[in-house]
Amino acid sequence: MLLSFILCLVAGGEASIIMKKFTYCGMGLNLKFLSVVGSTLQGVNTNDSDVDLKGVFTWDNDLYFTLNQLQNSLEKTNTNKDEWNNLLKQLNQEFDLNLTENDDLVLYDAKTFFELSFKNDSNMFDMLYANENFVLYQTKTFKQVKENKDKFVDLFQACKRYQGMSATHLKQ
């Protein structure tokens with residue numbers, strides 16, 4: 001069942017809903033999920049806090065069959081500044097936001113999202129466990145992925161991993 005979710009998400013098989021489609025460097029980017037994360041999600045933001053957003057996307061299907069090297073994540077540190085600002089402008093218009101280049105936005109390709117989720121990467125936890133009040137957009141399939149996260153996220157292993165990381169940080 002999980003494999004069918006992954007295939008549906010990556011293959012873009014969600015014709016029953018209106019897809020949020022954007023362009024980046026002239027290529028089609030299909031948004032699957034977008035959520036407020038970070039201090040706002042955790043309830044510790046202040047008036048001086050920036051906005052943190054994370055999301056999941058797929059490239060247009062035809063791009064996967066080209067020789068183009070597709071990025072597995074998009075964020076301001078690994079993108080062309082003009083293209084990044086254009087993507088922010090598109091997101092601002094679509095979701096009535098006021099994002100600036102000072103705000104933090106990271107978008108993960110669906111394949112990368114699942115690879116990191118299977119490894120219990122904490123960057124994925126904000127998205128998988130985000131309260132629906134903080135979700136700006138999600139496809140029907142991504143909602144099913146979130147509902148079935150316990151089938152591929154191992155919280156015991158995640159706790160062991162972060163216990164070790166915390167101990168390492170304390171030693172430093």
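The notes below deal with the structure included here. (Residues numbered from 1 in each chain as written. Predicted model: local features only at pLDDT ≥ 70, side-chain atom pairs only at ≥ 80, totals over all residues. Heavy atoms only, no water.)

**Concerning the pairing of strand β5 (residues 104–109)**
Counting buried positions along β5 yields five of six residues, so the element is predominantly enclosed. Across six bridges, the pairing between strand β3 (residues 52–59) and β5 is parallel. Paired with Gly55 across the bridge in β5 is Leu107. In this sheet, β5 lies alongside strand β4 (residues 73–75) in antiparallel orientation, the contact comprising three bridges. The partner of Leu74 across the bridge, within β5, is Leu107. (Buried < 20%, exposed > 50% of the residue type's maximum accessible area, 1.4 Å probe, protein only. Helix = DSSP H or I, 4+ residues; strand = E, 2+ residues; numbered from the N terminus. Pairing = 2+ DSSP bridges.)

**With respect to the pairing of strand β2 (residues 27–37)**
The buried count for β2 comes to eleven of eleven residues, which makes it a mostly enclosed element. Direction of pairing for strand β1 (residues 20–24) relative to β2: antiparallel, over a ladder of five bridges. Pairing of Lys21 across the sheet is with Asn30, part of β2. From the end of β1 to the start of β2, which pair antiparallel, there are two residues, and Cys25 there has a positive phi angle of about 55 degrees. Strand direction decides the pairing type here: β2 and β3, joined by eight bridges, are antiparallel. Residue pairing across strands places Val37 opposite Asp52, the latter belonging to β3. Bridge count between β2 and strand β6 (residues 135–138): three bridges; the pairing is antiparallel. By the bridge assignment for β6, Phe33 is matched with Gln138.

**Side note on helix α4 (residues 110–118)**
Buried residues of α4: Ala110, Thr112, Phe113, Phe114 and Ser117, and no others. Its side-chain oxygen at 3.0 Å from the backbone nitrogen of Lys111, Asp109 defines the N-terminal cap of α4. Following α4 by one or two positions, Asn120 has its phi on the positive side, about 60 degrees. (Polar contact = N/O pair within 3.5 Å; in protein donor to acceptor, adjacent residues only side chain to side chain.)

Interpretation note: all reported values are geometric properties and have no functional meaning in isolation.
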